[in-house]
Amino acid sequence: MAGNERKELINSLAGIIGDQHVMDDAAVLDNYSRDMTAEPAHLPDVVAMPESAEEIQEILRLANKSKTPVVPFVTGTNMGGLTIPQRGGIVLDLKRMNRIIEVDEDNMYAVVE
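Predicted, not measured: the structure shown is a model, and the values here were computed from it. (Residues numbered from 1 in each chain as written. Predicted model: local features only at pLDDT ≥ 70, side-chain atom pairs only at ≥ 80, totals over all residues. Heavy atoms only, no water.)

*Asks:* Got a minute to help me understand the overall build of the protein in this structure?
*Replies:* The helix and strand tally for the protein stands at 3 helices and 6 strands. Sorting the 113 residues of the protein into buried and exposed places 38% on the buried side. Partitioning the contacts of the protein with sequence separation of at least 6, the portion at a separation of at least 24 is 58%. For the protein, the exposed area adds up to about 7100 Å²; of that, 51% sits on carbon and sulfur atoms. Taking the average place of the 10 positive charges on the side chains of the protein and the average place of its 19 negative ones, the gap between the two points comes to 8 Å. (Helix = DSSP H or I, 4+ residues; strand = E, 2+ residues; numbered from the N terminus. Buried < 20%, exposed > 50% of the residue type's maximum accessible area, 1.4 Å probe, protein only. Contact = heavy atoms within 4.5 Å. Areas by Shrake-Rupley, 256 points an atom, 1.4 Å probe, with all protein chains shown as cover. Lys, Arg positive; Asp, Glu negative; His and termini not counted. Charge placed at Lys NZ, Arg CZ, Asp CG, Glu CD.)

Here you go:
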């Protein structure tokens, strides 16, 4: 991603989730470039950490409009190379999404973020 495109993406993401939840320094990007497999690392352009479904929706609208790849990331313990951002783009770290929405004991299910 070109420098100006990247800066614009970072600014747009910060407008959605706040500066403190958008990361682009080299050490952070390196941490999100690999998983626990031997698959080659690929750097994302930016890491975004939304807190709500609404923020994810806004981020995905932004990514769709600019045709920017999005890779979801939860714990980093993936064993299949699925969280490696093969084409750069946004790594969407979902660890801030930690609410319990509903627990239905009768039907034995829970809805969580």
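*Asks:* I would appreciate a short explanation of helix α1 (residues 3–17) in the present structure.
*Replies:* An α-helix turns once per 3.6 residues; consequently, residues spaced three or four apart project the same way. Taking 1.5 Å of rise per residue, 15 residues should cover 21 Å, and α1 covers 21 Å from first to last C-alpha, within 8% of that figure. The set of residues buried in α1 consists of Leu-9, Ile-10, Leu-13, Ala-14, Ile-16 and Ile-17. Buried residues in α1, looked at end-on, bunch into an arc of 160°, giving them a common side. α1 presents Asn-4, Lys-7, Glu-8, Asn-11 and Gly-15 as exposed residues on the side facing more than 90 degrees away from its buried surface. Among the structural elements, β1 (22–23), β2 (46–48), α3 (53–66) and β4 (90–93) are those in contact with the buried residues of α1. Phi for Gly-18, located one or two positions after α1, is positive at around 95°. (Expected span 1.5 Å × (residues − 1). Arc of directions from axis to C-beta.)

*Asks:* Would you explain unusual backbone geometry in this entry?
*Replies:* Peptide bonds are, in most cases, trans, and in most cases residues other than glycine have a negative phi. Residue Lys-67 is not a glycine yet carries a positive backbone phi of 55°. For Lys-67, the location among the structural elements is in the loop between α3 and β3 (70–73). Exposure remark for Lys-67: the relative accessible area of 66% places this residue in the exposed category. Positive phi, normally seen in glycine, also occurs at Met-108, with a value near 55°. For Met-108, the position within the fold is in the loop between β5 (100–104) and β6 (109–112).

*Asks:* Even after reading the chapter, I still don't get the pattern of salt bridges, so can you show me in this structure?
*Replies:* A side chain with one charge may pair with a side chain of the opposite charge, provided their charged atoms come close. On inspection of all chains with the given rule, the structure shows 4 salt bridges. A salt bridge links Arg-96 to Glu-51; the shortest N-O distance between them is 3.0 Å. One end of the pair, Arg-96, is in the loop between β4 and β5; the other, Glu-51, is in the loop between β2 and α3, with 45 residues separating them in the sequence. Among the residues examined, Glu-51 registers a relative accessible area of 41% and is labelled partly exposed. (Salt bridge = Lys/Arg side-chain N within 4 Å of Asp/Glu carboxyl O.)

*Asks:* What's the story with the side chain of Asp-35 in this structure? I'm lost.
*Replies:* Inspection of the secondary structure puts Asp-35 in the loop between α2 (26–31) and β2. Despite its burial, Asp-35 pairs with no opposite charge, the nearest such side chain being Arg-34 at 8.0 Å. Within polar-contact distance, the side chain of Asp-35 engages the side chain of Thr-37 at 2.5 Å. (Polar contact = N/O pair within 3.5 Å; in protein donor to acceptor, adjacent residues only side chain to side chain.)

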